[in-house]
Amino acid sequence: MRRHSLQKLMPEYIKNFEAYTPSKPDAELAKIYNCKKIYRLNNNENFLGPPAAAIEVIRKFDPKRAALYPSGDSLYLRFKLAQKFHKDPDQFLVGNGANEVIGFTLKAFCEQGDNIITADKTFAVYEWTAVFSGIEARLAPLKNFDLDDEGMLKLMDARTKIIFICNPNNPTGTYWNSQKLRQFIQKVDGRAVIVVDEAYHEFVEKEDYPDSMSLINEYPNLVTFRTFSKMYGLAGLRIGYLAGNHEIVDIIRRTCIVYSVNTLAQDAALIAVDDDGHVMATRRLVKEGKAFLTDELAKIGLPYQCGEGNYLMVKLPIDDGLAYRKLMTSGVMVRTMTGFRFPNYIRVTISSPEAMEALIAGLVKIV
Amino acid sequence: MHADRVIQAILKLDYDKSQVSILTSFVENAASCYGLEPADALDLTLASEEIFVYLCSQANQTEQLEIRCRHGGYFVQLQFDFHAGNFDLSAFNLTALQAIDITSDQPETGLLIASRLVDKFSFFKHDGFSQLILRKEKSYPVDHIGPLPPAKAMRDFLVREPEPEELKLLVHYLHYRYESCVIPMSFQSPGKVADMVRYGACKAVIAADKLGSIGGGIFWAWQNAKLVEFWGPYSFGEPENSAVSSRLVEYMISSIARTTVVGLITIAPSPQLPLEYFEPLGTLNMIAPEGTVCKTTCYYRHMHEDSGSSVWASQLVKDFLTREYEKHVFARKIRIVANEGENISQTSVIATDIDKGQAKATLKPIWWGKDDLKLIQAYVKTLLKEGLFNILFEMDLGHSWECYFTPALMESHFEPCLVLPYGGTGDMLMFQYSGGNII
């Protein structure tokens, strides 16, 4: 074989890209770190799991259906979402997790030489997907932990195609209220697609928190992302969706990979979406968990950033990578924030009281 | 010329000594064109001649040799690329004597002679291909600026990339305000640093206020795809652990946070290094060319969440590794290697990376054989004779065979000094020659 042949075939933007390395399975980590139990506080999963009805659907799933292709465009789920949000089923696209719909949107609107805009310290997948697609990612620094609307607008030029707004922001929990979001959309004035990623929408109870789903008929360049991974506890089945007006969804549909959402995920999501009781129970758990954690963190003198969503960030007096390893020896798995450009911070998922106590005990040991 | 574009000339030659004048003309012209002074261009030309003649004497096939001459901004680099299979690799031991032309009066190999003529000399082997790299740096005036006005504490400042003139001023400040052991040897000239940054050899940011006053700075450079080395943070007119230092460090960390980098290291920490961002990894005794000894603690930051791994190791370093892994909470399974009577090669091969500016030679194993002790001791003698007092040995604990060198290293007064997580295929165990007598 000729020397460096694969290197020559690879685009420059791939050569310089670092592949994401996911965590090992819990059983492996427990062995490696010599701990009996792992408290998963790293991925903002729902400790309560899926809603009861979804659990029942999963339990009763006929294994023979595994041999059949799923609905290629998640037909029944799109009808259900349309009914819930008073829209047309064709205003929804369902993907294999919200990560997949990020890719659909990017492919639909961006070509070489274009750029996207997002924040420097936010959910990394917008930036990654752009970079490994050869699209420039322009990053506006946060201001006081919040996305900077003016900073984003200043980064726009004629080649800006998409602006990604994570609302509430992961990992800071800050959010743009209805007025700020609407003003921003008006200032963009249709020059770029605006994606509002509402992965944590169902956790927010604030009255001024915007419902971007209600704005999509008003603004044709607006797209809303939501997921079943967080509130609805279906992260392991990978299912999320986007919504927009007909025209924008028609464009994005052209880059959609059909049949990427499996039958079990569609069935479980279909039933989960109606369970308001599950939403209320989860909100209670998060509220109580945050109250406990913030009290305890104040007692041990660790600064924190706590906003909306089922997570908060803690500032440590040591390297967050070292803290991760030390906490793992107690079975507490957190998310280091170096990768989010918050050195020495960790993000922790609000989970069971037992897990929160284990976290505090672990932190007391290491600081 | 554009700093973001590789400027290079390429020559292909048969392994035939009669073509040496083609090579020397090529190198001399390219080196001059790329900015070397005539004397420096001549050194590089002579070095290339030595290498070419040596390769011709070693080659056992007729395949062509490729020589690249690259403009690196502050240096000119020659790269010889060839199939490793065409050579007996033991000929690439810097200490090899068996390949000497017996008609020559020269008692040393062309490799050693060439290494004396350049600033950096490296030999690598990977995937069946080998590379010899010779680097000659441009000559720059050394910083002779007089005393500078005292710096003031900064209140409102921004961390940003500097203009070239700001960068040079920063380097002036460094030489005026810091001990030499916390400044890289390659920073002797502000003009050189400006070129290094311009051509991407390192990155720099400064802390500056609205009036343009410089309150500090930090530098970093990719040593390979996984490791970044940094110098600083330098902070003027600020108490230790000031906001300036922390902001500089945070900027650097954030800028490499979503890259391939696994580790961030400094072997010359400044007094203002904010320790909360790093962990002490180990100690190195670095001897400057003028003879002063700097005992420095290396500080490290692991950029990823570690999910554990296994390493190979000799029983001789098991305790050291266990202690280090426990101290830094790296979950590692140590697998002991030992020769159990299986056939082994007669000869060892060790590659060398020489950095004259730091009086440093880094040895990297290519092949292990029965003569490992003899070879290592020959290396030490040769390198010390060349004034390279800082001798390191990199052992990749992801390759079990590299661990076979451990007994010979220990017997030759090398000591394990630190472990770089994922510094190679696996973790990299660094040994440093401790200065004992080699008989």
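Residues numbered from 1 in each chain as written. Chains lettered and ligands numbered in written order. Predicted model: local features only at pLDDT ≥ 70, side-chain atom pairs only at ≥ 80, totals over all residues.

**Regarding the overall build of chain A**
What counts, and what does not: For the purposes of this entry, the term helix denotes a DSSP run of H or I that reaches at least four residues, the term strand denotes a run of E that reaches at least two, and both are numbered from the N terminus. Any residue whose C-beta has 12 or fewer other C-beta atoms within 10 Å is treated as exposed, any with 20 or more as buried, and any in between as partly exposed, C-beta atoms being built from the backbone. We call two residues in contact whenever the C-beta atoms placed from their backbones are within 7 Å.
Within chain A one finds 14 helices and 12 strands. Reported as C-alpha extents along the three principal axes, the dimensions of chain A are approximately 60 × 55 × 45 Å. For chain A, the residues scored as buried account for 46% of the 367 residues in total. Partitioning the contacts of chain A with sequence separation of at least 6, the portion at a separation of at least 24 is 74%.

**So, the interface of chain A and chain B**
Note the cut-off: The nonpolar class holds Ala, Val, Leu, Ile, Met, Phe, Trp, Tyr, Cys and Pro. Asp, Glu, Lys and Arg form the charged class, and all remaining residues, Gly among them, are polar.
The interface is formed by 25 residues belonging to chain A together with 23 residues belonging to chain B. Looking at the side of chain A that touches chain B, the elements with two or more residues in it are helix H3 (26–32) and helix H13 (320–328) of chain A. The residue inventory of the side of chain A that touches chain B, partitioned by class, reads nine nonpolar, eight polar and eight charged.

**A closer look at the sheet that holds strand S5 (residues 129–137) of chain B**
Residue and element names in this part refer to chain B. Rules: The rule for pairing is simple: two strands pair if DSSP sees at least two bridges between them. In this description, a line fitted to the C-alpha atoms serves as the axis of each element, helices being fitted only across the stretch in contact, and the angle between N-to-C directions of two axes falls anywhere from 0 to 180 degrees.
In space, the 10 strands of this open sheet follow the order S1-S2-S3-S5-S4-S15-S16-S17-S19-S18, with mixed pairing throughout. Every interior strand has two partners, whereas the edge strands, strand S1 (7–13) and strand S18 (414–420), have only one. Put simply, the sheet's adjacent strands are angled 25 degrees from each other on average, direction ignored. Where strand S4 (residues 120–126) meets S5, seven bridges bridge the pair, whose relative direction is antiparallel. Paired with Lys-125 across the bridge in S5 is Ser-130. Packed on one face of the sheet, helix H2 (residues 38–58) meets strand S2 (65–71), strand S3 (75–83) and S5 and runs near 160 degrees to S5.

**Considering the domain arrangement of chain A**
When the parts of a complex come together, some accessible area is lost, and that lost area is often taken as the interface size. Residue and element names in this part refer to chain A. Going by this rule: What marks off one domain from the next here is an automatic or database domain assignment.
Examined at the domain level, chain A breaks down into domain 1 (5–50 + 276–366) and domain 2 (52–272). Distance between the C-alpha centres of domain 1 and domain 2: 23 Å. Contacts between domain 1 and domain 2 engage 30 residues on the former and 30 residues on the latter. Elements supplying a minimum of two residues to the side of domain 1 that touches domain 2: helix H2 (12–15), helix H12 (276–300) and strand S10 (311–315). Here the element with the most residues in the side of domain 1 that touches domain 2 is H12; it accounts for four residues. Of the residues that constitute the side of domain 1 that touches domain 2, the class distribution is 15 nonpolar, 10 polar and five charged.

**Digging into the sheet that holds strand S11 (residues 279–287) of chain B**
Strands in a sheet are paired, the pairing made by backbone hydrogen bonds, and the direction either parallel or antiparallel. All names here are of chain B. Pairing is mixed across the open sheet formed by seven strands, whose spatial order is S6-S7-S8-S9-S10-S12-S11. At either end of the open sheet lies a strand with only one pairing partner, and these are strand S6 (158–160) and S11. The average angle at which neighbouring strand axes cross in this sheet is 25 degrees, direction not considered. Looking at chain direction, S11 and strand S12 (residues 293–302) are connected through eight bridges and run antiparallel. Bridge assignment links Leu-284 to a residue of S12, and that residue is Thr-296.

**Some remarks on helix H14 (residues 353–366) of chain A**
All names here are of chain A. Where we set the bar: Each residue after the first adds 1.5 Å to the expected span of a helix. Arc definition: it is the arc formed by the directions from the helix axis to the C-beta atoms.
For H14, built from 14 residues, the straight-helix expectation of 20 Å at 1.5 Å per residue is met to within 8% by its first-to-last C-alpha distance of 20 Å. Those residues of H14 that sit buried are Ala-355, Met-356, Leu-359, Gly-362 and Leu-363. Looking straight down H14, one finds its buried side chains confined to an arc of 125 degrees; they lie on one side. Those residues of H14 that are exposed and aimed more than 90 degrees away from the buried face are Pro-353, Glu-354, Val-364 and Lys-365.

**Details of unusual backbone geometry**
Looking along the chain, the bond that leaves Asn-167 of chain A and enters Pro-168 of chain A is cis, with omega of 0 degrees. Secondary-structure assignment places Pro-168 of chain A in the loop between strand S5 (160–166) and helix H9 (178–188). In this structure, the amide linkage connecting Gly-232 of chain B to the following residue, Pro-233 of chain B, adopts the cis form with an omega of -5 degrees. For Pro-233 of chain B, the location among the structural elements is in strand S9 (residues 227–235). Even without a glycine there, the phi angle at Arg-341 of chain A is positive, about 65 degrees. Mapped onto the fold, Arg-341 of chain A is located in the loop between strand S11 (332–336) and strand S12 (345–349). With a phi angle near 55 degrees, Val-329 of chain B is a residue other than glycine that sits in the positive phi range.

**A look at the pairing of strand S17 (residues 390–396) of chain B**
All names here are of chain B. To keep it simple, the criterion reads: Here the term right-handed applies to a crossover when the path leading from its first strand over the helix to its second strand runs clockwise, the strands being oriented away from the viewer.
Burial analysis of S17 places five of its seven residues in the buried class, the great majority of the element. For strand S16 (residues 360–367) and S17, the ladder comprises four bridges, and the chain directions are parallel. Bridge pairing in S17 links Ala-361 to Ile-391. Regarding the hand of the β-α-β motif, the stretch spanning S16, helix H8 (residues 372–385) and S17 is right-handed.

**A look at the domain arrangement of chain B**
All names here are of chain B. Here chain B is described as being made up of domain 1 (7–139 + 343–433) and domain 2 (158–302). Summarising the inter-unit geometry, the C-alpha centres of domain 1 and domain 2 are found 29 Å apart. Between domain 1 and domain 2, the residue contacts involve 16 residues of the former and 23 residues of the latter. Counting residues per element, the side of domain 1 that touches domain 2 draws most heavily on S18, which supplies three residues. Grouping the constituent residues of the side of domain 1 that touches domain 2 by class yields eight nonpolar, eight polar and no charged.

**A closer look at helix H5 (residues 75–85) of chain A**
Residues and elements named next belong to chain A. Among all positions in H5, only Leu-77, Arg-78, Lys-80 and Leu-81 are buried. The arc that holds the buried residues of H5, viewed along the axis, is 160 degrees, so those residues lie on one side. In this structure, the buried residues of H5 make contact with strand S2 (92–95), strand S8 (240–244) and helix H11 (263–272). Phi for His-86, located one or two positions after H5, is positive at around 55 degrees.

**Here's the deal with the packing of H2 of chain B against helix H3 (residues 110–117) of chain B**
All names here are of chain B. Going by this rule: Orientation labels follow simple angle bins: below 35 degrees gives roughly parallel, above 145 gives roughly antiparallel, 65 to 115 gives roughly perpendicular, and whatever is left gives oblique. Less than a right angle of anticlockwise turn of the near helix away from the far helix marks a crossing as left-handed, whereas a clockwise turn marks it as right-handed.
Axis separation between H2 and H3 bottoms out at 8 Å; the angle between their running directions is 165 degrees. With respect to their mutual orientation, H2 and H3 come out roughly antiparallel. Like other packed secondary-structure pairs, H2 and H3 cross with a definite hand, here left-handed. In this structure, H2 contributes Asp-43, Leu-46, Ala-47, Glu-50, Ile-51, Val-53 and Tyr-54 to the contact, and H3 contributes Gly-110, Leu-111, Ile-113, Ala-114 and Leu-117. Grouping the constituent residues of the contact of H2 with H3 by class yields nine nonpolar, one polar and two charged.

**Description of the nonpolar core**
Put simply, the test is: By definition, a nonpolar core groups buried Ala, Val, Leu, Ile, Met, Phe, Trp, Tyr and Cys residues that are joined through C-beta atoms within 7 Å.
Counting residues in hydrophobic clusters, the biggest one holds 119 residues, and the most contacted among them are Ala-31, Leu-44, Leu-134, Ile-218 and Leu-248 of chain B. Each of domain 1 (7–139 + 343–433) and domain 2 (158–302) of chain B contributes no fewer than three residues to this core. Dropping the residues within four chain positions of it, Leu-134 of chain B is found in contact with Leu-44, Ala-47, Ser-48, Ile-51, Gln-77, Leu-78, Ala-114, Val-118 and Phe-121 of chain B. By size, the runner-up hydrophobic cluster in this structure holds 100 residues, among which are Phe-104, Ala-192, Tyr-241 and Ala-265 of chain A.

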